[in-house]
Amino acid sequence: MTDRSIAISTVLGSSVSICLFDKKRKIGGMNHFLYPDSKTTDRSTPRYGDIATLALARMMRDNGSKSKHLEAQIFGGAHNPDVSAVNIGQKNITCARRILKKLKIKVISEDVGGEVGRKIIFNTSSCEIAILKVPSLRQSDWYPYESDR
């Protein structure tokens, strides 16, 4: 989460990312989680959707945002049946929707599911999103980047 105008990015397969944007203050933030629910307190890390989403919303509120001004976009949750029989992507999508509904944050768009990965670039001050769908992820897609790109 930042109050500066920057572009932040993440790369998603079965993981999910939620971009939150305060439409009044023009600030935003992004999370990225691998698994839906932490289930136990000893696993309370942002790798889990329930923890990551609650933490992002709390950070936005602690920085002065009001829940009624927040809007969300959900991305990711792909499933490759050749990699896993379990559709963890769908579980991550369901978790994101459930937590946002509980927090009463309106979802304004989604690009979820399918079988391909995504690279997401989010402008934190304009709420503009670029989505690049890719059949496979390259090492250079991950931070730290191998070139200036």
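Description of the structure in this document. Just so we're clear, the structure is a prediction, and the values are computed from it rather than from any experiment.

### Some thoughts on the environment of Gly-49
Locating Gly-49 in the fold gives a position in helix 1 (residues 49–62). Looking at Gly-49, the relative accessible area reads 0%, which means it is buried. If sequence neighbours within four positions are ignored, Gly-49 has contacts with Phe-33, Tyr-35, Pro-36 and Cys-95.

### Some remarks on a positive patch on the surface
On the surface, Lys-24, Arg-25, Lys-66 and Lys-68 cluster together into a positively charged patch. Of note, Lys-24 is situated in the loop between strand 2 (16–22) and strand 3 (27–30). Judged by its relative accessible area of 60%, Lys-24 is exposed.

### A look at the packing of aromatic side chains
Scanning the model with the defined rule gives one aromatic pair in all. Where Tyr-35 meets Tyr-48, the ring centres are 5.6 Å apart and the plane angle is 40°; that geometry is what we call tilted. Note that Tyr-35 is positioned in the loop between strand 3 and helix 1 and Tyr-48 in the loop between strand 3 and helix 1, a separation of 13 residues in sequence. We classify Tyr-48 as buried; its relative accessible area is 7%.

### Concerning the sheet that holds strand 3
Taking strand neighbours across the sheet as the criterion, the four strands line up as 3-2-4-5 in an open arrangement whose pairing is mixed. Bordering the open sheet on either side are strand 3 and strand 5 (106–112), each of which pairs with just one other strand. Averaged over neighbouring strand pairs, the angle between their axes works out to 15° when direction is ignored. Note that strand 4 (residues 70–76) and strand 5 share six bridges and pair parallel.

The rules behind these values
- Residues numbered from 1 in each chain as written.
- Predicted model: local features only at pLDDT ≥ 70, side-chain atom pairs only at ≥ 80, totals over all residues.
- Heavy atoms only, no water.
- Helix = DSSP H or I, 4+ residues; strand = E, 2+ residues; numbered from the N terminus.
- Buried < 20%, exposed > 50% of the residue type's maximum accessible area, 1.4 Å probe, protein only.
- Contact = heavy atoms within 4.5 Å.
- Patch = residues over 30% accessible without salt bridge, like charges linked within 9 Å, V, L, I, M, F, W, Y side chains within 5 Å.
- Areas by Shrake-Rupley, 256 points an atom, 1.4 Å probe, with all protein chains shown as cover.
- Salt bridge = Lys/Arg side-chain N within 4 Å of Asp/Glu carboxyl O.
- Lys, Arg positive; Asp, Glu negative; His and termini not counted.
- Charge placed at Lys NZ, Arg CZ, Asp CG, Glu CD.
- Phe/Tyr/Trp six-rings, centres within 6.5 Å; stacked < 30°, edge-to-face > 60°.
- Pairing = 2+ DSSP bridges.
- Axes fitted to C-alpha atoms, helices over the stretch in contact; angles between N-to-C directions.

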